[in-house]
Amino acid sequence: MFPMAPTPREGTRVQDSASSLAKPLVLVVEDEAALATMLRYNLEKQGFRVEEAGDGQEALTRIAETQPDLVLLDWMLPVMSGIEVCRQIRRRAQTRDLPVIMVTARTEDQDAVRGLNTGADDYITKPFNMDALLARMRALLRRSNAVPVKGQLVFHDIAMDLAAHRVTRNGRRVHLGPTEFRLLEFFMQHPRRVFSREELLDAVWGPDIHVEPRTVDVHIRRLRKSINGEGELDVVRTVRTAGYALDTEPV
Ligand code: CA
């Protein structure tokens, strides 16, 4: 069922050329070396860039380092199971929307359903057909690209031009401070999702910056004041004890 993979050749990857940057990056998390090699060979042939991780802990490290576009996640892994890796991916604000395909052995099928419950977007059973896997990967990547990350972001009557650093609401120009701009950008990339103050600090201020969670409240207040014109709907939803969301629905 798997096409035969040739012996792996070290150092043949061209990671940093301009053309390779446009290719989607897939993180293959797999402890069976032969399967990982086969996946790399076939995915690279199909125009993907590939990174690998051999266990669950390494997977989380590689995700943070390389920011892949999609993760192929083996279920049975040393150190930390695929399920736990998936949970952690979903728990972090930066990786909450990262597409994950869980790879299971046939006997783990029942568990795979549980895998979907913990946040995998799809799953495929070993041994799988490469074309079937590619079809699922492409479908997921298309879906995740539906939320534009470059250029223009739109939510309700708010438009954000990232290149020009310009925000308009209902055609009216909105002036935002740099932190409010980044807050709004993050919210617009994840509309209707509730983020805790800690998650917002992590995503907008960065994990190495140590500021009080109350700082978030201050900037949310400023964002509201700028973005909500007179008589306009408040698009920032406060969720008691949970945090904030960009939303047009009342609590
Ligand atoms: Ca395994």
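Everything numeric in this text was worked out from a predicted model, so none of it was measured.

Asks: Help me understand the overall build of the protein chain in this model?
Replies: If you tally the helices and strands in the protein chain, you get nine helices and eleven strands. Here the protein chain holds 251 residues, and the buried ones make up 45% of them. Here the contacts in the protein chain between residues at least 6 apart in sequence split such that 58% fall between residues at least 24 apart.

Asks: Explanation requested: the sheet that holds strand S3 (residues 70–74) in the structure shown.
Replies: Within a beta sheet, neighbouring strands are joined by backbone hydrogen bonds and run either parallel or antiparallel to one another. With parallel pairing, five strands are arranged side by side in an open sheet as S2-S1-S3-S4-S5. On the outer flanks of this sheet lie strand S2 (49–53) and strand S5 (122–126), each paired with one strand and no other. Neighbour-to-neighbour, the strand axes of the sheet open up by a mean angle of 20 degrees, direction not taken into account. Bridge count between strand S1 (residues 25–29) and S3: four bridges; the pairing is parallel. Residue pairing for S3: Val-29 is matched across the bridge by Leu-73. Helix H3 (residues 56–66) contacts S1, S2 and S3 of the sheet and is inclined by roughly 145 degrees relative to S2.

Asks: Could you clarify how one ought to interpret the sheet that holds strand S9 (residues 172–174) in this entry?
Replies: With antiparallel pairing, four strands are arranged side by side in an open sheet as S6-S7-S8-S9. Looking at which strands have only one partner, the edges of the open sheet turn out to be strand S6 (152–155) and S9. Looking at each pair of strands side by side, their axes are set apart by 25 degrees on average, direction ignored. As judged from the four bridges shared by S6 and strand S7 (residues 158–161), these two strands associate in the antiparallel manner. Paired with Gln-152 across the two strands is Asp-161, which belongs to S7. Of the strands in this sheet, S6, S7 and strand S8 (166–169) are in contact with helix H7 (residues 178–189), which crosses S7 at around 110 degrees.

Asks: Please explain the pattern of salt bridges as it appears in this structure.
Replies: Scanning the model with the defined rule gives 19 salt bridges in all. Arg-172 is the partner of Glu-232 in a salt bridge, and the nearest nitrogen-oxygen pair spans 2.5 Å. You can see Glu-232 sitting in the loop between helix H9 (213–227) and strand S10 (236–239) and its partner Arg-172 sitting in strand S9, a full 60 residues away along the chain. Put simply, Arg-237 and Asp-247 hold a salt bridge, and the shortest N to O gap is 2.8 Å. One end of the pair, Arg-237, is in strand S10; the other, Asp-247, is in the segment after strand S11 (243–246), with ten residues separating them in the sequence. A single network of salt bridges, built from pairs that share partners, joins Glu-30, Glu-32, Asp-74 and Lys-126.

Asks: Please clarify how the coordination of the calcium ion should be interpreted in this entry.
Replies: Reference geometry at the metal: tetrahedral coordination by four donors gives ideal angles of 109.5 degrees; octahedral coordination by six donors gives 90 or 180 degrees. For the calcium ion, the full set of protein donor atoms is Asp-31 (OD), Asp-74 (OD) and Met-76 (O), and the range of their distances to it is 2.1 to 2.3 Å. Written as a sequence motif, the donor residues of the calcium ion are D-x42-D-x1-M. Taken together, the residues Asp-31 in the loop between S1 and helix H2 (33–45) and Met-76 in the loop between S3 and helix H4 (82–91) connect sequence positions 45 residues apart. Of the residues examined, Met-76 reaches a relative accessible area of 49% and is grouped as partly exposed.

Asks: Help me understand the confidence of the model for the protein chain, please; the structure alone is not making it clear to me.
Replies: Predicted coordinates in regions of low pLDDT should not be interpreted in detail. For the protein chain, the average pLDDT comes to 83, and 83% of its residues sit at 70 or higher. Note that residues 5–21 has pLDDT below 50 and, in this model, 19 contacts with residues that lie over four places away or in other chains.

Rules of the game
Residues numbered from 1 in each chain as written. Predicted model: local features only at pLDDT ≥ 70, side-chain atom pairs only at ≥ 80, totals over all residues. Heavy atoms only, no water. Helix = DSSP H or I, 4+ residues; strand = E, 2+ residues; numbered from the N terminus. Buried < 20%, exposed > 50% of the residue type's maximum accessible area, 1.4 Å probe, protein only. Contact = heavy atoms within 4.5 Å. Pairing = 2+ DSSP bridges. Axes fitted to C-alpha atoms, helices over the stretch in contact; angles between N-to-C directions. Salt bridge = Lys/Arg side-chain N within 4 Å of Asp/Glu carboxyl O. Donors = N, O, S within 2.8 Å, 3.2 Å for Na, K, Ca; no water. pLDDT = per-residue confidence, 0-100.

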